[in-house]
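Structural features, examined
For reference, the chains in residue letters:
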Amino acid sequence: MGHKSVAIDGPSGAGKSTLARKAAEVLGFLYVDTGAIYRTLGLLALERKVDLSDTAAVKALLPQAEIRLAHDSGDGLQHMYLCGRDVTGDIRRPEVSRAASAVSAIQAVRDFLMETQRSLAREHDVVMDGRDIGTVVLPEADVKIFLTASPEARARRRCDELLQRGTPQDYETVLAEIVERDRRDISRTAAPLRQAEDAVLVDTTELDLEESLQALLDAVRGGLER
Ligand code: DC
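Presented here is a report on the structure given in the accompanying data block.

Cut-offs applied
- Residues numbered from 1 in each chain as written.
- Predicted model: local features only at pLDDT ≥ 70, side-chain atom pairs only at ≥ 80, totals over all residues.
- Heavy atoms only, no water.
- Pairing = 2+ DSSP bridges.
- Helix = DSSP H or I, 4+ residues; strand = E, 2+ residues; numbered from the N terminus.
- Axes fitted to C-alpha atoms, helices over the stretch in contact; angles between N-to-C directions.
- Contact = heavy atoms within 4.5 Å.
- Phe/Tyr/Trp six-rings, centres within 6.5 Å; stacked < 30°, edge-to-face > 60°.
- Lys NZ or Arg CZ within 6 Å of the ring centre and 35° of its normal.
- Salt bridge = Lys/Arg side-chain N within 4 Å of Asp/Glu carboxyl O.
- Buried < 20%, exposed > 50% of the residue type's maximum accessible area, 1.4 Å probe, protein only.
- Near = heavy atom within 4 Å.
- Polar contact = N/O pair within 3.5 Å; in protein donor to acceptor, adjacent residues only side chain to side chain.
- Areas by Shrake-Rupley, 256 points an atom, 1.4 Å probe, with all protein chains shown as cover.
- Nonpolar A, V, L, I, M, F, W, Y, C, P; charged D, E, K, R; others polar.

**A few points about the sheet that holds strand 2 (residues 30–33)**
Across a sheet, strands are paired by hydrogen bonds formed along the backbone, either parallel or antiparallel in direction. Spatial strand order, 2-6-1-7-8: five strands in an open sheet with parallel pairing. Two strands lie at the open edges of the sheet, namely strand 2 and strand 8 (200–203), each paired on one side alone. Averaged over neighbouring strand pairs, the angle between their axes works out to 20° when direction is ignored. The sheet contact formed by strand 1 (residues 5–9) and strand 7 (residues 143–148) spans four bridges and is parallel. Of the residues in strand 7, the one forming a bridge with Ala7 is Lys144. Helix 9 (residues 209–225) contacts strand 1, strand 7 and strand 8 of the sheet and is inclined by roughly 160° relative to strand 7.

Set out below in structure tokens:
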């Protein structure tokens, strides 16, 4: 029997990774954070001082990009390895977010990282989160979810998070960044963010974390039973 797969896509800041990880835990599935894979390549590009707007230079990096995911580190986290080095913490730096966004817009990069993602879904029951999982990576996923929230709700949550980290930012700035990032994600040519036709929409605008998880699990279970 084949493995089960749950594809979760949506804009950044909708709580995808937190909710997808928790849902995977409840279901006993492997959680795969595909953004971390793009981040790892973004880190390599930064370290090699590659001009991120130079598509040919980024492509030339690919043969050297030995990227590995590990899910058996004992802390329940997905660890990322770049050429044998654990870069799980490094890839969360803000400059890596920007580099990941740049490299992920290149089609050759997406093609190169596709097999890494698909092979995980062949070998495990997975909850995989990203931007194009239901549309491109796993078009045959058993369940597809499009997880979103209004830009205002995402901006409020992001402000709360930044405040807790001791790096507060004002709401209008955060909201403007979110609106701009949505525009870039939706309008890019390579794998633009969009809801798959057969995806279930889960909108967490009016929900807190517990309610969001419940809504997500209801949608996933409903889909797996079909
Ligand atoms: O979800 P995240 O912030 O960790 O993603 C990092 C970057 O990678 C972000 O710019 C979007 C991109 N990405 C993508 O293009 N496709 C995916 N499946 C996952 C992430």
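On we go.
**Topic: the packing of aromatic side chains**
The geometry of an aromatic ring pair is captured by two quantities: the separation of the ring centres and the angle between the planes. Counted according to the given criterion, the structure contains zero aromatic pairs. Between the NZ or CZ atom of Arg68 and the centre of the ring of Tyr81, over which it lies, the distance is 4.5 Å.

**Let's talk about the sheet that holds strand 4 (residues 79–82)**
The antiparallel open sheet is built from three strands, whose spatial order is 3-4-5. Edge strands, defined here as strands with exactly one partner in the open sheet, are strand 3 (67–70) and strand 5 (85–86). Sheet topology places strand 4 next to strand 5; two bridges connect them, and they run antiparallel. Bridge pairing links Tyr81 to Asp86 in strand 5. Across the sheet, helix 2 (residues 35–47) lies against strand 3, strand 4 and strand 5, angled at about 35° from strand 4, the strand it touches most.

**Let's talk about the pattern of salt bridges**
Side-chain pairs of opposite charge can arise where the charged atoms are in close proximity. As enumerated under the stated definition, the model contains twelve salt bridges in all. A salt bridge links Arg122 to Glu115, with the nearest nitrogen and oxygen atoms 2.4 Å apart. Residue Glu115 is classed as partly exposed on the basis of its relative accessible area of 42%. Close ionic contact of Glu161 with Arg158 constitutes a salt bridge, the shortest N to O distance being 2.9 Å. Residue Glu161 and its partner Arg158 are located together in helix 7 (residues 151–164), separated by three residues, close to a single helical turn. When its relative accessible area of 34% is taken as the criterion, Glu161 is described as partly exposed. Because the salt bridges share partners, they merge into one network encompassing Asp90, Arg93 and Glu95.

**What about the site of the ligand?**
Around the ligand there are 14 residues in total, and Thr34, Arg39, Arg110, Arg131 and Arg188 lie nearest to it. With respect to the ligand, the side chain of Asp132 contributes an N or O atom lying 3.1 Å from a nitrogen atom. Separating an oxygen atom of the ligand from a side-chain N or O atom of Arg188 is a distance of 2.8 Å. For the ligand, the accessible surface in isolation is 440 Å², of which the surrounding protein chains cover 90%. If you list the elements that add at least two residues to the shell around the ligand, you get helix 2 and helix 4 (94–104). Its residues assigned to classes, the shell around the ligand shows three nonpolar, five polar and six charged.

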